[in-house]
Amino acid sequence: AGRRDVHVHPTKTSVDWAGYVKRLADHPRLAQAERITLACDNLNTHAIGSFYAAFEPAEAFRIASRLEIVFTPKHGRWLNMAEPELSVMTRQRFADRIAGQAEAERRSGAWKTERNQRPIGIEWQFTTDDARRKLKRLDPKVELRSTASRGRTSRA
């Protein structure tokens with residue numbers, strides 16, 4: 001939908017993350033959604049167990065049952081949709097030093113409001129072939145089908 005949400009917090013614990021996701025899942029904009037897909041990096045706090053550390057089991061299950069967590073590849077920061085947004089926000093609001101959390105909250109809140117007034121989605125131009133080329137060193141056994149049509153299979 002091209003909407004951004006920014007939350008500044010002094011720590012990045014599993015309980016912090018669980019609380020943030022609960023607020024997100026219970027937001028009126030998502031309250032009626034049967035399933036919420038979260039694209040997350042591989043930070044160890046981004047796990048279903050975080051809800052059980054933060055909430056009673058019934059509440060943890062309620063939140064977790066609505067979620068589908070999709071992880072970006074460990075060696076694929078460039079696949080993380082949040083990275084370009086963080087880069088934009090950093091250039092636009094955090095080019096200089098800040099005094100503390102209150103100033104970070106003020107700047108990021110202003111940035112979020114401004115970005116959400118003119119929603120911009122991500123037009124992904126990275127193709128499957130691009131991914132195969134870029135990831136071939138991570139999984140050298142991937143077979144490319146493009147040469148298979150000529151009667152042979154090439155190993156990437």
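Here the structure is shown first, and the text comes after it.
So, how was this worked out
Residues numbered from 1 in each chain as written. Predicted model: local features only at pLDDT ≥ 70, side-chain atom pairs only at ≥ 80, totals over all residues. Heavy atoms only, no water. Helix = DSSP H or I, 4+ residues; strand = E, 2+ residues; numbered from the N terminus. Buried < 20%, exposed > 50% of the residue type's maximum accessible area, 1.4 Å probe, protein only. Contact = heavy atoms within 4.5 Å. Areas by Shrake-Rupley, 256 points an atom, 1.4 Å probe, with all protein chains shown as cover. Phe/Tyr/Trp six-rings, centres within 6.5 Å; stacked < 30°, edge-to-face > 60°. Salt bridge = Lys/Arg side-chain N within 4 Å of Asp/Glu carboxyl O.

1. Some details on the overall build of the protein
Each helix and strand counted, the protein has six helices and four strands in total. Taking all 156 residues of the protein together, the buried fraction comes to 24%. Here the contacts in the protein between residues at least 6 apart in sequence split such that 62% fall between residues at least 24 apart. For the protein, the exposed area adds up to about 10,900 Å²; of that, 53% sits on carbon and sulfur atoms.

2. A short note on the environment of S14
Residue placement: S14 occurs in helix α1 (residues 14-25). A C-alpha to C-alpha distance of 9.5 Å links S14 and L43, two positions 29 residues apart in sequence.

3. Brief notes about the packing of aromatic side chains
Taken as a whole, this structure holds one aromatic pair when the rule is applied. Judged by centre distance (5.3 Å) and plane angle (40°), the rings of W17 and F51 are tilted. Highlighted residues: W17 in helix α1 and F51 in helix α2 (residues 49-54), separated in sequence by 34 residues.

4. Quick word on the pattern of salt bridges
Scanning the model with the defined rule gives twelve salt bridges in all. Linking E114 and R93 is a salt bridge whose minimum nitrogen-to-oxygen distance equals 2.9 Å. Residue E114 is located in helix α5 (residues 101-117), and its partner R93 is located in helix α4 (residues 82-93); the two are separated by 21 residues in the primary sequence. With a relative accessible area of 32%, E114 lands in the partly exposed category. Taking relative accessible area as the criterion, R93 reaches 22% and is therefore assigned partly exposed. Three or more residues joined by partner-sharing salt bridges are found here, namely K22, D26, E59 and R62.

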